[in-house]
Amino acid sequence: MPTPEHTNGAPCWNDLMTSDTEKAKAFYGTLFGWTFQTGDEEKYGGYITAAKDGKTVAGMMQKDDSMAGMPDIWSTYLRSEDAAATVKAATEHGGQVYMQPMDVLEQGSMAMIADATGASVGVWQPAEMKGYELAAEPGAPAWHELHTKDYATAVTFYQDVFGWDTDVMSDTPEFRYTTLGAGDAAKAGIMDASAYLPAEVPSNWQVYFAVEDADASIEKAVSMGARVIDGPDDTPFGRLATLADPTGAMFKIVADTGQGAQSAADA
């Protein structure tokens with residue numbers, strides 16, 4: 001599988017902020033076949049990089065005291081040629097800044113913002129680290145999706161701030177979904193979640209990981225302390241489920257993803 005080409009505005013990285021990195025490594029290593037490398041504590045704060053078959057697929061980081069009380073969470077990062085300009089545009093279009101652009105030595109520059117609907121999303125300006133090196137293969141990221149309580153505002157925000165060229169996949173009261181790009185070339189999705197997200201749950205980005213067998217993966221995950229949040233569900237493009245890992249971080253799995261946009265949307 002060739003290394004994914006990360007285009008501006010598209011997802012290029014995902015990482016886990018966790019209360020227990022050792023437990024997370026044991027869980028995801030067994031579930032997805034990941035191996036791990038821990039970065040220098042002084043240079044990279046002990047940031048852990050996960051790889052599948054020698055290709056990077058994700059990162060994870062131990063939560064510090066400043067994050068006490070915050071849930072463990074997977075985050076999506078969108079590529080930017082200029083993180084500072086993207087952050088500035090985000091504030092001009094109704095977003096908030098959680099973390100101003102910060103250089104990660106020779107790797108690149110990162111920032112963390114909330115979009116105009118309150119969903120947290122990362123910004124990554126690449127240098128040496130371009131993004132994950134494997135996608136839509138078992139054990140690798142397969143799809144990234146925003147579940148938003150304000151669909152129209154979200155679509156406009158990503159068009160204006162990240163330059164998304166969007167395609168309306170469905171626009172009915174029951175199901176509204178827009179993608180970055182169209183059809184097989186789509187790279188991310190925005191779903192109208194106003195009808196089902198509870199009041200206490202903010203708009204949020206969700207990460208799908210590809211697996212060979214959804215049911216077998218669920219069984220393995222549950223045996224290690226995970227919980228099934230939703231599914232598994234059959235769709236025309238794959239079998240999907242939403243899980244929470246042993247410390248509560250939510251993620252999705254999808255089996256047989258031929259067309260990630262559609263399979264994710266049909267969930």
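This text goes with the structure placed above it.
In short, a report on the structure.

With that settled, the discussion passes to the overall build of the protein. A tally of helices and strands in the protein yields six helices and 16 strands. Expected size for 267 residues packed as a compact globule is a radius of gyration near 18 Å; at 17 Å, the protein falls within 12% of this value. For the C-alpha atoms alone, the extent of the protein along its principal axes is close to 40 × 40 × 40 Å. Counting all 267 residues of the protein, 49% fall into the buried class. Counted over contacts in the protein with a minimum sequence separation of 6, partners at least 24 positions apart contribute 62%. Element-wise, carbon and sulfur atoms account for 49% of the exposed surface of the protein, whose accessible area totals about 12000 Å². Averaging the locations of the 16 positively and 40 negatively charged side chains of the protein gives two centres separated by 3 Å.

What follows concerns the packing of helix H1 (residues 21-32) against helix H5 (residues 214-223). For any two helices packed against each other, the geometry comes down to the angle between their axes and how far apart the axes lie. Orientation of H1 relative to H5, taken along the N-to-C sense of each, is 155 degrees, at an axis distance of 10 Å. The angle between H1 and H5 falls in the class roughly antiparallel. Between H1 and H5 the crossing geometry is right-handed. Here Phe27, Thr30 and Leu31 of H1 come into contact with H5, specifically with Ser217, Lys220 and Ala221.

Here serine 203 shows up in the loop between strand E12 (188-192) and strand E13 (204-211). Of the residues examined, serine 203 reaches a relative accessible area of 4% and is grouped as buried. A polar contact of 3.4 Å, which involves the side chain of serine 203, links it to the backbone oxygen of threonine 117. Within polar-contact distance, the side chain of serine 203 engages the backbone nitrogen of lysine 149 at 2.9 Å. For serine 203, the contacting residues outside a window of four places in its chain are Thr117, Gly118, Ala119, His147, Thr148, Lys149 and Leu197.

Glancing now at the packing of aromatic side chains. Taken as a whole, this structure holds 20 aromatic pairs when the rule is applied. Each ring, one from tyrosine 158 and one from tryptophan 205, has its centre 5.7 Å from the other, and the planes form 75 degrees; the classification is edge-to-face. Taken together, the positions of tyrosine 158 in helix H4 (residues 151-162) and tryptophan 205 in strand E13 put the pair 47 residues apart, joining distant regions of the chain. Of the two residues, tyrosine 158 and tryptophan 205, neither departs from the other in class, the shared state being buried. Taken together through their ring pairs, the aromatic side chains of Phe27, Tyr28, Phe32, Trp34, Phe36, Trp74, Phe209 and Phe251 make up a single cluster.

Turning our eyes to something else, we now look at the nonpolar core. Within the largest apolar cluster, 28 residues are counted, with the highest numbers of intra-cluster contacts made by Tyr28, Phe32, Trp34, Trp74, Phe251 and Ile253. Where this core is concerned, the elements lending two or more residues are H1, strand E3 (48-52), strand E4 (55-62), E13, H5, strand E15 (238-244) and strand E16 (250-255). The element best represented in this core is H1, accounting for five residues. Apart from the residues lying within four places of it in its own chain, the contact partners of tryptophan 74 are Asn14, Asp15, Leu16, Tyr28, Trp34, Ala58, Gly59, Val207, Phe209, Ala249, Met250 and Phe251.

Across all of its chains, the model carries seven salt bridges by this definition. Where lysine 25 meets glutamate 22, a salt bridge forms, and the shortest distance between an N and an O atom there is 3.2 Å. Here the residue lysine 25 and the residue glutamate 22 both occupy positions in helix H1, the gap between them amounting to three residues, near one helical turn. In this structure, lysine 88 engages glutamate 92 in a salt bridge whose closest nitrogen and oxygen atoms are separated by 2.5 Å. Taken as a pair, lysine 88 and glutamate 92 lie in helix H3 (residues 83-92) at a separation of four residues, close to a single helical turn. The structure contains a network of salt bridges with shared partners spanning Asp171, Arg176 and Asp192.

Next up on the list: H5. Buried within H5 are the following residues: Ala214, Ser217, Ile218 and Ala221. Looking straight down H5, one finds that the buried residues subtend no more than 100 degrees of arc, so they occupy a single side. Summarising the geometry of H5, the exposed residues directed more than 90 degrees from the buried face are Glu219 and Ser223. The inward-facing, buried residues of H5 contact H1, E13, strand E14 (227-235), E15 and E16. Measuring from the backbone nitrogen of aspartate 215 back to the side-chain oxygen at the start of H5 gives 3.0 Å, which picks out aspartate 213 as the cap. Glycine 225 sits one or two residues past H5 and shows a positive phi near 105 degrees.

Rules used in this analysis
- Along each chain, numbering runs from 1 in the same order as the chain's sequence is written.
- Only residues with pLDDT of at least 70 get local features here, since the model is predicted, and only at 80 or more are side-chain atom pairs given and counted; chain-wide, interface and lining totals rely on the full set of residues.
- Side-chain calculation: all heavy atoms of the structure are included, whereas hydrogens and water are not.
- The helix count covers DSSP runs of H or I at least four residues long, the strand count covers runs of E at least two residues long, and both are numbered beginning at the N terminus.
- Computation of the radius of gyration draws on C-alpha atoms alone. For the globule rule, the value is 2.2 Å times the number of residues to the power 0.38.
- Think of it in three bands: residues with accessible area under 20% of the maximum for their type are buried, residues over 50% are exposed, and the middle band is partly exposed, with areas taken using a 1.4 Å probe on protein chains only.
- Any two residues whose heavy atoms approach within 4.5 Å at even a single point are treated as in contact.
- Each accessible area value is a Shrake-Rupley result obtained with a 1.4 Å probe; residue values ignore everything except the protein chains displayed when judging cover.
- Only four residue types enter the charge count: Lys and Arg as positive, Asp and Glu as negative, with His and the chain ends excluded.
- Note on charges: their place is set at NZ of Lys, CZ of Arg, CG of Asp or CD of Glu.
- Orientation is described by axes fitted as lines to C-alpha atoms, over the contacting stretch for helices, and by angles from 0 to 180 degrees between their N-to-C directions.
- For classification purposes, an angle smaller than 35 degrees is called roughly parallel, one larger than 145 roughly antiparallel, one from 65 to 115 roughly perpendicular, and anything else oblique.
- It is the rotation of the near helix from the far one that decides the hand of a crossing: anticlockwise by less than a right angle makes it left-handed, clockwise makes it right-handed.
- N or O atoms closer than or at 3.5 Å make up a polar contact, with two conditions inside protein: a donor-capable atom paired with an acceptor-capable one, and, for residues adjacent in sequence, both atoms drawn from side chains.
- Between the rings of Phe, Tyr and Trp (Trp by its six-membered ring), a pair exists once the centres lie within 6.5 Å; its type follows the angle of the planes, with under 30 degrees stacked, over 60 edge-to-face, and the other angles tilted.
- Residues grouped as a nonpolar core are buried Ala, Val, Leu, Ile, Met, Phe, Trp, Tyr and Cys residues, joined through side-chain atoms within 4.5 Å.
- We define a salt bridge as a side-chain nitrogen of Lys or Arg found within 4 Å of a carboxyl oxygen belonging to Asp or Glu.
- The arc under discussion is defined with respect to the helix axis, by the directions toward the C-beta atoms.

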